[in-house]
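Remarks on the overall topology
Listed below, chain by chain, are the residues.
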Amino acid sequence: MKLVIGGAFQGKFNFVKKQFPDVKEWLDGYTCSRREIFACKGMVHFHDFIKRELREGRGAEGLAEEIIEKNPDIIIVSNELGYGVVPVDPFDRKYREAVGRTCEKLAAFSEEVYRVVCGIGTAIKKKEA
């Protein structure tokens, strides 16, 4: 598994297209089904998938573990949501925490984790050869 994180509009998708050119189709977390996550090679907007799950009354509990079990080679791209002012809205706080906790579990399992800022990806975790 590989995880790519960064702020909104920081060039994460351009980075992953260059870093992982063998992935031709990227699943979009804004529109995909849960089932599709377990069969794809790469997924963008993972944070939006979690938001939809929460809005539809499903939680993110167990999501990381299910992805690790069913699709351990996936490349996941997600916005970082934990910086800045804590949201006043209870849903937004729950959403921010769900994304952070899920990505924390995915990062622990991942062979590689990158953070992208201004289009520049920095490896913050890389499997040693």
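Residues numbered from 1 in each chain as written. Predicted model: local features only at pLDDT ≥ 70, side-chain atom pairs only at ≥ 80, totals over all residues. Heavy atoms only, no water.

So, the pairing of strand E1 (residues 2-6)
Burial analysis of E1 places five of its five residues in the buried class, which makes it a mostly covered element. Burial along E1 is two-sided: the residues Lys-2, Val-4 and Gly-6 and Leu-3 and Ile-5 are all buried. In terms of strand pairing, E1 meets strand E4 (residues 75-79) through five bridges, oriented parallel. Looking at the pairing, Lys-2 lines up with Ile-75 of E4. Judged from the five bridges that link them, E1 and strand E5 (residues 112-117) form a sheet pairing that is parallel. (Buried < 20%, exposed > 50% of the residue type's maximum accessible area, 1.4 Å probe, protein only. Helix = DSSP H or I, 4+ residues; strand = E, 2+ residues; numbered from the N terminus. Pairing = 2+ DSSP bridges.)

Topic: the packing of helix H3 (residues 46-55) against helix H5 (residues 90-109)
Geometry of a packed helix pair, given as the angle between the helix axes and the separation of the axes. Interhelical geometry of H3 versus H5 gives an angle of 130 degrees and a closest axis separation of 10 Å. Compared by their axis directions, H3 and H5 come out oblique. In the crossing of H3 with H5, the sense of the turn from one axis to the other is right-handed. Between H3 and H5, the contacting residues are Phe-46, His-47, Asp-48, Ile-50, Lys-51, Leu-54 and Arg-55 on the first element and Phe-91, Lys-94, Tyr-95, Ala-98, Val-99, Thr-102, Cys-103 and Leu-106 on the second. (Axes fitted to C-alpha atoms, helices over the stretch in contact; angles between N-to-C directions. Parallel < 35°, antiparallel > 145°, perpendicular 65-115°, else oblique. Left-handed = near helix turned anticlockwise from the far one by under 90°. Contact = heavy atoms within 4.5 Å.)

What to know about the side chain of Arg-96
Position of Arg-96 relative to the elements: it lies in helix H5. Notably, Arg-96 is buried but unbridged: the nearest opposite-charge side chain belongs to Glu-97, and the N-O separation is 8.3 Å. Each residue touching Arg-96, except ones within four places of it in the same chain, is listed here: Leu-81, Gly-82, Tyr-83, Gly-84, Val-85, Val-86 and Pro-87. (Lys, Arg positive; Asp, Glu negative; His and termini not counted. Salt bridge = Lys/Arg side-chain N within 4 Å of Asp/Glu carboxyl O.)

Considering the sheet that holds strand E3 (residues 42-44)
Here we have six strands laid out as an open sheet, ordered E2-E3-E4-E1-E5-E6, and mixed in their pairing. At either end of the open sheet lies a strand with only one pairing partner, and these are strand E2 (27-28) and strand E6 (120-126).

Let's talk about the packing of aromatic side chains
Summed over all chains, the structure comprises four aromatic pairs. A connected cluster of aromatic rings, assembled from ring pairs, spans Phe-15, Phe-20 and Tyr-114. (Phe/Tyr/Trp six-rings, centres within 6.5 Å; stacked < 30°, edge-to-face > 60°.)

Some details on the pattern of salt bridges
A complete count under the given rule lists 10 salt bridges for this structure. We note a salt bridge from Glu-53 to Arg-34, for which the minimum N-O separation is 2.6 Å. Here Glu-53 is found in helix H3, whereas its partner Arg-34 is found in helix H2 (residues 34-37), with 19 residues between them in sequence. Classification of Arg-34 as partly exposed rests on a relative accessible area of 23%. For the salt bridge of Glu-65 with Lys-105, the shortest nitrogen-to-oxygen distance reads 3.4 Å.

A few points about the nonpolar core
Ile-37, Met-43, Phe-46, Ile-50, Ile-67, Ile-74 and Leu-106 are the most contacted members of the largest nonpolar core, which has 25 residues in total. Breaking this core down by element, the ones donating at least two residues are E1, H3, helix H4 (63-70) and H5. For this core, the leading source of residues is H5, giving five residues. Sequence-distant contacts of Leu-106, that is, excluding residues within four places in its chain, are made with Met-1, Leu-3, Phe-46, Ala-64, Ile-67, Ile-68 and Ile-76. Counting residues in each nonpolar core, the second largest holds 11 residues, with Val-23, Val-44, Val-77 and Val-116 among its members. (Core = buried A, V, L, I, M, F, W, Y, C linked by side-chain atoms within 4.5 Å.)

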